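Geometric and topological summary
Now for the letters of each chain:
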Amino acid sequence: MRKLITATLAAGTLLLAAGTPAFSATYAHSHAASAAWCKKKQPSGKYYYAHKKHWDCVSPGAYCAKSQYNDYGYSMRAAAHTKRYKCVRYPSNTWRWKPVNA
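Residues numbered from 1 in each chain as written. Predicted model: local features only at pLDDT ≥ 70, side-chain atom pairs only at ≥ 80, totals over all residues. Heavy atoms only, no water.

1. Let's talk about the nonpolar core
Core analysis: the largest hydrophobic core is formed by seven residues, namely Trp55, Val58, Cys64, Tyr85, Cys87, Trp95 and Trp97. Once you skip the residues sitting within four places of it in the chain, Trp55 turns out to touch Tyr48, Tyr49, Ala50, Ser67, Gln68, Asp71, Tyr72, Gly73, Tyr74 and Trp97. (Core = buried A, V, L, I, M, F, W, Y, C linked by side-chain atoms within 4.5 Å. Buried < 20%, exposed > 50% of the residue type's maximum accessible area, 1.4 Å probe, protein only. Contact = heavy atoms within 4.5 Å.)

2. Description of the pairing of strand β4 (residues 84-89)
In terms of strand pairing, strand β3 (residues 72-75) meets β4 through three bridges, oriented antiparallel. By the bridge assignment for β4, Tyr72 is matched with Lys86. Here β4 runs beside strand β5 (residues 95-99); their pairing, made up of five bridges, is antiparallel. Bridged to Tyr85 within β5 is Pro99. (Pairing = 2+ DSSP bridges. Helix = DSSP H or I, 4+ residues; strand = E, 2+ residues; numbered from the N terminus.)

Spelled out as structure tokens, the structure:
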């Protein structure tokens, strides 16, 4: 029994070690691609910006500007347009970016 557990752990460790570089490279590429334009300060002095009918580079959970109330936006921390948020009013009368459930 002990040999079986040891063999299973060893096999799992090898699979994890083999899969880690590919996962890291993919994540780093998508994260870097989305973060590239989000690092550029806009003329308004902010890092988020309006793009047609939505906002790009929003910080999830952050306060919303008055111009963003009830609008949709996409996270600066994820690959481009993968995590959608909406600027909603909380019971405490504050406006924040909240995840949108699909």
